[in-house]
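Here is what each chain is made of, one letter per residue.
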Amino acid sequence: MSETTYVQLLDLACGVFLLAAVLILWRRQLSAIVRLFTIQATALAGLVAVLAVHQHDTELGAVAVGILLLRAVLLPLLVRRALEASGEARETQPLVNVTASLLAAAVLALLAYAVTQPVVRLSPSPATHAVPVAVTVVLLGFFVLVTRRRALSQLAGFLLLDNGITAAAFLTTAGVPVVVELGVSFDVLLAVLVLQVLTSRMRAVFGSTDLDELRELHD
Amino acid sequence: MTAAGALGAAAQVALVGGGSPLLVGLMRQVRARLEGRAGAGVAQPWRDLRKLLRKEPITPDGTGWVFRAAPLLLTATVLVVAAVVPFATTSSPLDSVADLIAVAAVLALGTVTLALAGLDTGTAFGGMGASREMTVMSLVEPTILLSVFALSVRVGSTNLAAIVGATVHDPRAVISPASLLAAVALAVVTMAEAGRLPVDNPSTHLELTMIHEAMILEYAGPDLALVEWASAMRLGVLLGLLASLFAPWGIVTGAGLAAIPLALVVFAAKVATLGVVLAAGEVFLAKLRLFRVPELLAGSFLLALLAVAASFFLG
């Protein structure tokens, strides 16, 4: 693969990754959010695959396949099942309305570009130039976690955050060892399963998954 | 300035002027077929224009020169843009003024003129339409400017011919993240500017939901024909601009005369394809509530901003 093709493919994967994150913030339909996650995870896997081909690293290629299977197939499946069980189709009342969140996302993107400049300067390469994209996705994930009320939207924020962290890890380092990536991935899988159980329990107790209902401690 | 360039620019204006009503007819026909109706045929907008032109010119009592001048000015701005933008050839004699910011400003001038005419009639609906149009425009302009910056960073110039020429010579630049994000942002803005769904419904007859139609309610006869023609050309020009910026294949960059007819055919095909896609997409869309429109335009603003950021930091 020539250098220009490598840069183009890397940038394209990063662009799709970022676009999916913005659309997740934009859409209210939870089922659309799950579809966008599949797209984002595919872009992430594509990003890792491009890096693997460029570095001639079979281990990294295996990691890419693992990411694709876990994040683009298994996790959306689990979330979709939780979605069907909860019976809630959309995020009804975010704390910050969608227009304001989109403008906030613009500020967060600029913030991410500003704070990652030292990292980029450490070793300027096509991969590190794309680090701001990953950090933007991390910040967007935080934002979704803070401002959304439904348990499933919070799950979306968590997954967004984790996708961003994974992308940042692959873009800054020469390759994450399989063991580390495996550990992180199982962590995410576990978190999704726990949140799925939490969602169904909340629904059984309160009849909805509005996290604002969780106000009293229980023994 | 070359003879070929001047001829190309004249041909562009003729094609946009003659073809745009057909584009509108094509889009209505596609929509009708998808909804299971027979449709009025592709040439129906031209028949409507002919009918309107034969009618007696009439203006409401109490309207001033603004109302009378608006259709002419609106048509003039669109014709100028049609001559300036490199739809078929980049060597237009007006190349030195073919600046993307200037083009956006000229198109905005047409919008403002029509809004003033809507206010001039003094009717409730004209004022309401003008106010809504200005709201949408004030949200659209920042996105246009940011997308322009994102596209011009790569070339180092806001000259349209330079941007299009650079993309023709390096087709892979189209799939860069900056260009993709700017394309999505500009597509949303184009729909808002051209008054299509989901921002405005071009075929509505309910005054409360109108934007563009509410401003021109008081026009009749030849004036209405001019406004309708200009609106059709505006749609053609905006779609053509989108096609030229992101799919500039077939545009003549040299001074050759022979390639211009082919370039015109390719241009017409590109715009017709975009129109069919837009019309087919509109079948599945409902008009957004007016208070949800800022959300859509804030989203396109964010995409344009990310496009600028990406073109600076990834490029």
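Owing to the predicted nature of the structure, the values given are computational and were not obtained by experimental measurement. (Residues numbered from 1 in each chain as written. Chains lettered and ligands numbered in written order. Predicted model: local features only at pLDDT ≥ 70, side-chain atom pairs only at ≥ 80, totals over all residues.)

1. With respect to the overall build of chain A
Formally: Numbering of helices and strands runs from the N terminus, with a helix taken as a DSSP run of H or I at least four residues long and a strand as a DSSP run of E at least two residues long. Put plainly, a residue is buried at 20 or more neighbouring C-beta atoms within 10 Å of its own, exposed at 12 or fewer, and partly exposed in between, counting only other residues' C-beta atoms, which are placed from the backbone. Two residues form a contact once the distance between their C-beta atoms, set from the backbone, is within 7 Å.
Across its full length, chain A holds 9 helices and 0 strands. Ordered by position in the sequence, the α and β elements of chain A form the string α-α-α-α-α-α-α-α-α. Here chain A, with 219 residues, has 43% of them falling under the buried criterion. Of the contacts made within chain A by residues no fewer than 6 positions apart, 72% connect residues no fewer than 24 positions apart.

2. Looking at the overall build of chain B
Put simply, the rule reads: Only C-alpha atoms enter the radius of gyration, while the globule expectation follows 2.2 Å times N to the 0.38, with N the number of residues.
The helix and strand tally for chain B stands at 11 helices and 0 strands. Beginning at the N terminus, the succession of helices and strands in chain B can be written as α-α-α-α-α-α-α-α-α-α-α. In terms of C-alpha radius of gyration, chain B reaches 19 Å, essentially the compact-globule figure of 20 Å for 315 residues. Taking the principal axes of its C-alpha atoms as reference, chain B extends roughly 55 × 45 × 45 Å. Looking at the 315 residues of chain B, the share that counts as buried comes to 50%. For chain B, restricting intrachain contacts to residue pairs at least 6 apart in sequence, the fraction spanning at least 24 positions comes to 80%.

3. Observations regarding the packing of helix 1 (residues 3–26) of chain A against helix 7 (residues 177–193) of chain B
Stated precisely, the cut-off is as follows: For helices, the fitted axis covers only the stretch in contact; all axes are lines through C-alpha atoms, and the angles between them, taken along N-to-C directions, range from 0 to 180 degrees. Three classes are used: nonpolar for Ala, Val, Leu, Ile, Met, Phe, Trp, Tyr, Cys and Pro, charged for Asp, Glu, Lys and Arg, and polar for all others, with Gly counted as polar.
Running from N to C, helix 1 of chain A and helix 7 of chain B cross one another at 35 degrees; their axes reach a closest spacing of 8 Å. Residues Asp11(A), Leu12(A), Cys14(A), Gly15(A) and Leu19(A) of helix 1 of chain A form the contact with helix 7 of chain B, whose participating residues are Pro177(B), Leu180(B) and Leu181(B). Classifying every residue of the contact of helix 1 of chain A with helix 7 of chain B by side-chain character gives 6 nonpolar, 1 polar and 1 charged.

4. Examining the interface of chain B and chain A
With 18 residues of chain B at the interface, the matching set in chain A holds 21 residues. Mapped by element, the contributors of at least two residues to the side of chain B that touches chain A are helix 7 and helix 11 (293–313) of chain B. In terms of residues, the side of chain B that touches chain A owes the most to one element, helix 11 of chain B, which gives 11 residues. Class assignment of the residues belonging to the side of chain B that touches chain A gives a composition of 14 nonpolar, 2 polar and 2 charged.

5. A closer look at unusual backbone geometry
Residue and element names in this part refer to chain A. The phi angle at His-56 is positive, at roughly 50 degrees, despite the residue not being glycine. Secondary-structure assignment places His-56 in the loop between helix 2 (30–55) and helix 3 (58–86). Of the residues examined, His-56 has 9 C-beta atoms within 10 Å and is grouped as exposed.

6. Details of the confidence of the model for chain B
Low pLDDT means the predicted atomic positions in that stretch should not be read closely. We count it as follows: Per-residue confidence from the predictor is reported as pLDDT, a score between 0 and 100.
On average, residues of chain B score 86 in pLDDT, and 97% of them reach the 70 mark or higher. Here helix 8 (residues 212–215) of chain B is the element of chain B with the lowest mean pLDDT, 81, and helix 2 (residues 44–54) of chain B is the one with the highest, 93.

7. As for the nonpolar core
One broad rule of soluble globular proteins: the nonpolar side chains tend to lie buried together. What counts is decided by this rule: By convention in this section, buried Ala, Val, Leu, Ile, Met, Phe, Trp, Tyr and Cys residues joined through C-beta atoms within 7 Å make up a nonpolar core.
Phe17(A), Leu47(A), Val48(A), Leu306(B) and Ala307(B) are the most contacted members of the largest nonpolar core, which has 164 residues in total. Contact partners of Val48(A), with chain neighbours within four places excluded, come to Leu60(A), Val63(A), Ala64(A), Ile67(A) and Phe170(A).

8. Considering the confidence of the model for chain A
Mean pLDDT for chain A: 83, with 93% of residues reaching 70 or above. When pLDDT is averaged over each helix and strand of chain A, the minimum, 78, is found for helix 9 (residues 178–206) of chain A and the maximum, 90, for helix 7 (residues 131–147) of chain A.

9. Some details on helix 9 of chain A
Residue and element names in this part refer to chain A. Condition: Helix span, expected: 1.5 Å multiplied by one less than the number of residues in the helix.
Here helix 9 contains 29 residues, and its C-alpha end-to-end distance of 41 Å stays within 8% of the 42 Å for a straight helix at 1.5 Å per residue. Residues of helix 9 that are buried include every one of Glu-181, Ser-185, Gln-196 and Thr-199, and no others. In this structure, the buried residues of helix 9 make contact with helix 3 and helix 8 (151–172). Positive backbone phi, at 85 degrees, marks Gly-207, one or two positions downstream of helix 9.

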